[in-house]
Amino acid sequence: MTYPKLSLYIDGEFIHGGDRPTQDILNPATGQVIAQLPHATPQDLDRALAAAARAFEAWKKSSPIERSKVLRKVSELARARAQDIGRGITLDQGKPLAESVGEVMFCAEHAEWHAEECRRIYGRVIPARHPAVRQTVLREPVGVVAAFSPWNFPFNQAIRKAAAAVGAGCSVILKGPEDAPSAVQAIAQLFHDAGLPKGVLNVVWGVPSEVSTHLIESPVVRKITFTGSTAVGKMLAAKASSLMKRSTMELGGHAPVIVCDDADVDAAVALMVGFKFRNAGQVCISPTRFYIQEGVYDRFVADFVAKTRALKVGNGLAEGTQMGPLAQARRVGAVAGFVDDARERGASILVGGAPIPGVGNFFAPTVVADLPDQARLLHEEPFGPVAGMIRFKTIDEALQRANALPYGLASYVFTRSNHNAHVLSTGLASGMVSVNHLGLALAETPFGGINDSGMGSEGGSETFDGYLNTKFITQLNG
Ligand code: NAD
């Protein structure tokens, strides 16, 4: 089975070996060790900082056309290598091969979108109060970026950050996910082969808290971008802001789905079962709390359970697998904790409800109903293949319950009524709302949350906002 050789990527060089500590990389479907990941030493991190600082001085002056060419080439190469990169993702992260390859093909577009948008980083001219004065606003790259990307969409989350930083004219040190490193390894190779000057992108691995502390505390780093849990995001954002550094935070969610009596129930079930169990539910915008209006509750839940029961769970490399293992053994215990808590509090487990015995981190796709308000599943992000069903009577009630948590990332609504669609989409406290279809996370649309789900957007025309400073120049022409 081919799996890439893992290395650090610093100042244009792929580095491994020496007396660096290494970490076992496991296949979550089999528990077998498939590779060794070298961790960066403090000297490696300092070398990456120095390289990024040096590279920034030249890259900030590069023309948008030059940046655009590199990013376009990255997208072309990513598509050409999607099968290999996807296989690596299935081997270290576990998701079905079609999802892994799809992630690479779909997210090659992020590089393309940033290639297009970076040519449109416009400033403006502000009419002055005196004819001899010219007032201009420039948007300049912030400097060296420290980026931290997670393991659930290892290609997607990392390429968005790298493309935004590179497109804006920043240099970047990317710490990828140690649990599932092959996609970020591939991204380093893509940028290298696309001709990115050395030092503009650097990739490091290590103990997350040690690497992030080292990088964030360095005076070289001017911006932090992180995707991961709310708890870690709050810690990193606090550290960044204490040093007056910018940050973009894409954090956890607990997405409500509101299905009204007037919805197309068949379409809603078909879309939501696929979306709920995609990537074994390890998705920040995964639908987790299903609020179903009483007139369609029984039908929705019965159909949802039947379709869930029919899902084929297995090794992501096996033909026909629809859901793979959880990415790490620790996730199995975490997900079981949510289900056991619900069961102990009197909830009904309609399907699934336990780990699947045997090798690998498999957990059965699970649907839970009759959840008491105190159930952890209704408050904390489950980040796994578990759906909670809740009956509601009025739209106001659904809105109030959906908005009751501090999270605010994604929400979903199914209704045929324009009125309900309007009331719900404007009333939901979340960064993104998808009504009657699945339309989130496209390259050209902003992706991001509010409240405990983070701050800042990735994608869309907002994508460079977090990577640019605003400079005002006023000049008197004598
Ligand atoms: P975790 O909180 O330990 O780690 C989450 C991510 O943050 C990982 O990628 C990890 O490498 C990184 N991380 C952890 N501590 C860090 C630090 N001090 N500095 C820099 N990076 C750090 O949890 P986990 O067990 O890996 O994942 C489970 C939880 O993480 C889930 O419950 C989910 O809420 C969250 N998560 C969210 C996303 C997302 O897309 N928003 C992605 C992955 C994980």
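The following refers to the structure shown.

Here is what the cut-offs are and how they apply
As a convention, each chain's residues are numbered from 1 in the sequence order in which they are written. Only residues with pLDDT of 70 or above have their local features reported here, since the model is predicted, and side-chain atom pairs are shown and tallied only from 80 upward, although totals for entire chains, interfaces and linings are computed over all residues. Each side-chain value is worked out from all heavy atoms of the structure, with water and hydrogens disregarded. Exposure is judged per residue with a 1.4 Å probe applied to protein chains only, and the accessible area is read against the type maximum: over 50% gives exposed, under 20% gives buried, and values in between give partly exposed. Helix numbers and strand numbers start at the N terminus; a helix is a DSSP run of H or I with at least 4 residues, a strand a run of E with at least 2. A strand pair is defined by DSSP finding two or more bridges across the two strands. When the strands point away from the viewer and the connection leading from the first strand across the helix to the second strand turns clockwise, the crossover is called right-handed. Should a side-chain nitrogen of Lys or Arg be within 4 Å of a carboxyl oxygen of Asp or Glu, the pair is scored as a salt bridge. A contact between two residues is defined here by any heavy atoms of the two lying within 4.5 Å. Put simply, a residue is near a molecule or strand once any heavy atom of it comes within 4 Å of that molecule or strand. Here a polar contact is recorded for every N or O atom pair within 3.5 Å, except that within protein the pair must consist of a potential hydrogen donor and a potential acceptor, and residues adjacent in sequence are included only if both atoms are side-chain atoms. Computed by Shrake-Rupley with a 1.4 Å probe, the accessible areas treat only the displayed protein chains as cover when residues are assessed. Throughout, an axis means a line fitted to C-alpha atoms (over the contacting stretch in the case of helices), and angles, computed between N-to-C directions, take values from 0 to 180 degrees.

**A few points about the pairing of strand β13 (residues 287-293)**
Step number 1: Buried residues dominate β13, accounting for seven of its seven residues.
Step number 2: Summarising the sheet, strand β12 (residues 255-259) and β13 pair through five bridges and their orientation is parallel. When the bridges of β13 are listed, P256 appears paired with R289.
Step number 3: For the crossover that starts at β12, traverses helix α9 (residues 265-277) and ends in the parallel β13, the hand is right-handed.
Step number 4: Summarising the sheet, β13 and strand β16 (residues 386-392) pair through five bridges and their orientation is parallel. Note on β16: the bridge partner recorded for I292 is R391.

**Details of the pattern of salt bridges**
Step number 1: Counted by the stated rule, this structure contains 25 salt bridges.
Step number 2: Note that K95 and E103 form a salt bridge whose closest N and O atoms lie 2.5 Å from each other.
Step number 3: Overall, the relative accessible area of 5% leaves E103 in the buried class.
Step number 4: A salt bridge links E380 to R376, with the shortest nitrogen-to-oxygen separation between them at 3.2 Å.

**Regarding the side chain of K161**
Step number 1: Assignment of secondary structure puts K161 in helix α5 (residues 154-168).
Step number 2: In this view, K161 contacts A147, F148, S149, T225, F226, T227, E458 and Y467; residues no more than four positions away in its chain are not counted.

**Notes on the site of the ligand**
Step number 1: What surrounds the ligand is a group of 22 residues, the closest being W151, S212, S229, R330 and E381.
Step number 2: The backbone of P208 places a nitrogen or oxygen atom 3.4 Å from a nitrogen atom of the ligand.
Step number 3: L251 is positioned such that a nitrogen or oxygen atom in its backbone is 3.3 Å from a nitrogen atom of the ligand.
Step number 4: Bound to the protein, the ligand loses 84% of the 780 Å² it would expose on its own.
Step number 5: Every element with two or more residues in the shell around the ligand is listed here: α7 (208-217), β10 (221-227), α8 (230-242) and α11 (329-344).

**Here's the deal with the sheet that holds strand β5 (residues 124-126)**
Where strands meet in a sheet, backbone hydrogen bonds hold them as pairs that are either parallel or antiparallel.
Step number 1: Taken together, the three strands give an open sheet; going across it, the order is β5-β6-β20, and neighbouring strands pair in antiparallel fashion. Each edge of the open sheet is held by one strand with a lone partner, namely β5 and β20 (468-476). With direction set aside, neighbouring strand axes in the sheet form an average angle of 25°.

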